[in-house]
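The chain contents come next:
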Amino acid sequence: MCGAYFRVTSGELRELIEEPDQYWEYAEKTRDTERAVDIDKAWHALWFLTERAGFEVDFVLGGTLLGEEGGDGPARYFTADEVGNVAAELSRTRFEQLSRGVELSQLEANGIYPSIWDEPDALDYVRGYYDELVTFFAGSAKAGDPVVTIIT
């Protein structure tokens, strides 16, 4: 299972809310651009670390459902205001703060996906995606754009 985010305009979000089946068309349109970020399999560890740190907005598994539950995902979205809140929280929380005091054995014991926690540099894998999300959400917030996300 991999996580991905893409930003849309407010008008595009309205279209997606009305026609959620267009999700994949929009996702494909933004692939490999600054409007999209793929966090691979790091999503579960990011959720674990941000929940542990008490983040106010669950930007990994939260958001508003886009369409009906079922199939891939389901896709969810964050409004421009919510994106601003996520961006602010990410920008003031360095990865070192998130991972401080975390033992890899905790991730393993909690069943955090993927099962790489026996590798000494496993948190570096997560850090790279966290840093990408910091940049992505900052850009989305600056543009005033909503964000759509999915884990498939």
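Draft legend 1. Looking closely at the side chain of Thr30. Mapped onto the secondary structure, Thr30 falls in helix H2 (residues 23-30). Dropping the residues within four chain positions of it, Thr30 is found in contact with Phe6, Arg7, Arg35 and Ala36.

Draft legend 2. Region of the structure containing helix H4 (residues 80-92). For H4, built from 13 residues, the straight-helix expectation of 18 Å at 1.5 Å per residue is met to within 8% by its first-to-last C-alpha distance of 18 Å. Buried within H4 are the following residues: Val83, Val86, Ala87, Glu89 and Leu90. Summarising the axial view, the buried residues of H4 lie within an arc of 170 degrees, below the 170-degree limit, and thus occupy one face. Opposite the packed face of H4, turned more than 90 degrees from it, sit the exposed residues Asp81, Ser91 and Arg92. Against strand S4 (76-78), helix H7 (122-143) and strand S5 (147-151) lie the buried residues of H4.

Draft legend 3. View of the packing of H4 against H7. It is at 8 Å that the axes of H4 and H7 come closest, and there the two elements cross at 135 degrees. Considering the angle they form, H4 stands oblique to H7. In the packing of H4 onto H7, the handedness of the crossing is left-handed. For the pair H4 and H7, contact is made by Val83, Gly84, Val86, Ala87 and Leu90 and by Tyr130, Leu133, Val134, Phe137, Ala138, Ser140 and Ala141, respectively. Taken together, the residues of the contact of H4 with H7 break down into ten nonpolar, two polar and no charged.

Draft legend 4. Highlighting the pairing of S5. Within S5, five of the five residues are buried, which leaves it mostly tucked inside the rest of the structure. The two faces of S5 match: Val147, Thr149 and Ile151 on one face and Val148 and Ile150 on the other face are all buried. In this sheet, S5 lies alongside strand S1 (residues 3-7) in antiparallel orientation, the contact comprising five bridges. Considered in S5, the bridge of Tyr5 is made with Thr149. Relative to S5, S4 runs antiparallel, the two being bridged by three bridges. Across the sheet, the residue bridging to Phe78 is Val147, located in S5.

Draft legend 5. Structural detail: the pattern of salt bridges. Scanning the model with the defined rule gives seven salt bridges in all. Ionic pairing is found between Arg35 and Glu12, a salt bridge with its closest N-O pair at 2.9 Å. Here Glu12 lies in helix H1 (residues 10-18) and Arg35 lies in the loop between H2 and strand S2 (36-40), a separation of 23 residues in the sequence. Given a relative accessible area of 13%, Glu12 falls into the buried group. Within this structure, Arg94, Glu96, Asp124 and Arg127 form a network of salt bridges that share partners.

Cut-offs used in this document
- Residues numbered from 1 in each chain as written.
- Predicted model: local features only at pLDDT ≥ 70, side-chain atom pairs only at ≥ 80, totals over all residues.
- Heavy atoms only, no water.
- Helix = DSSP H or I, 4+ residues; strand = E, 2+ residues; numbered from the N terminus.
- Contact = heavy atoms within 4.5 Å.
- Expected span 1.5 Å × (residues − 1).
- Buried < 20%, exposed > 50% of the residue type's maximum accessible area, 1.4 Å probe, protein only.
- Arc of directions from axis to C-beta.
- Axes fitted to C-alpha atoms, helices over the stretch in contact; angles between N-to-C directions.
- Parallel < 35°, antiparallel > 145°, perpendicular 65-115°, else oblique.
- Left-handed = near helix turned anticlockwise from the far one by under 90°.
- Nonpolar A, V, L, I, M, F, W, Y, C, P; charged D, E, K, R; others polar.
- Pairing = 2+ DSSP bridges.
- Salt bridge = Lys/Arg side-chain N within 4 Å of Asp/Glu carboxyl O.

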